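Residue strings, one per chain:
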Amino acid sequence: QVQLVESGGGLVQAGGSLRLSCAASGRTFSSYAMGWFRQAPGKEREFVAGISWSGASTRYADSVKGRFTISRDNAKNTVYLQMNSLKPEDTAIYYCAARYLGSTTTSTNGYNVWGQGTQVTVSS
């Protein structure tokens, strides 16, 4: 199975932008639907965005629709999360997740592989 490594997190002011990347090892990346989740201190991990294996289908949490964009480049074994108009409530650890031979799902239980996470902090 793939292994996932996130990057691109950091500190940004409200209204700013960040692009997260998730690099996958292995030759079967295109067999995985991918998702981004986040977890703020004291809160449960929540779905942010998902993308099908081909990239043709995406879905978003209501809280990020219109501000975040998920994409993938199967040639580079990488999935991205472009985050614009960031708000302090977007502050969290962001995790990349992979789901083998499945469609996107908002449930954490639907994903087989997880990255270590990258911290995103949005200051007001």
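What counts as what
Residues numbered from 1 in each chain as written. Predicted model: local features only at pLDDT ≥ 70, side-chain atom pairs only at ≥ 80, totals over all residues. Heavy atoms only, no water. Helix = DSSP H or I, 4+ residues; strand = E, 2+ residues; numbered from the N terminus. Buried < 20%, exposed > 50% of the residue type's maximum accessible area, 1.4 Å probe, protein only. Salt bridge = Lys/Arg side-chain N within 4 Å of Asp/Glu carboxyl O.

## Side note on unusual backbone geometry
Part 1 of the reasoning: The backbone of Asn-77 shows a phi angle near 55°, a positive value even though the residue is not glycine.
Part 2 of the reasoning: If you trace the backbone, Asn-77 turns up in the loop between strand S7 (68-73) and strand S8 (78-83).
Part 3 of the reasoning: Since its relative accessible area comes to 18%, Asn-77 is described here as buried.
Part 4 of the reasoning: Of note in this structure, Leu-101 is not a glycine but carries a positive phi near 55°.
Part 5 of the reasoning: By the secondary structure assignment, Leu-101 is in the loop between strand S9 (92-100) and strand S10 (113-114).
Part 6 of the reasoning: Classification of Leu-101 by relative accessible area gives exposed; the value is 63%.

## Section: the pattern of salt bridges
Part 1 of the reasoning: Taken as a whole and judged by the stated rule, the model has 4 salt bridges.
Part 2 of the reasoning: The shortest N-O distance in the salt bridge between Lys-65 and Asp-62 comes to 3.2 Å.
Part 3 of the reasoning: Owing to a relative accessible area of 64%, Asp-62 belongs among the exposed residues under this scheme.
Part 4 of the reasoning: Here Asp-90 ties to Arg-67 by a salt bridge, and the two come within 2.7 Å at their closest N and O atoms. Of the two residues, Asp-90 sits in the loop between S8 and S9 while Arg-67 sits in the loop between strand S6 (58-60) and S7, which places them 23 residues apart along the sequence. As far as the burial class goes, Asp-90 and Arg-67 line up, both buried.
Part 5 of the reasoning: Salt bridges here are not isolated pairs; linked through shared partners, they connect Arg-38, Glu-46, Arg-67 and Asp-90.

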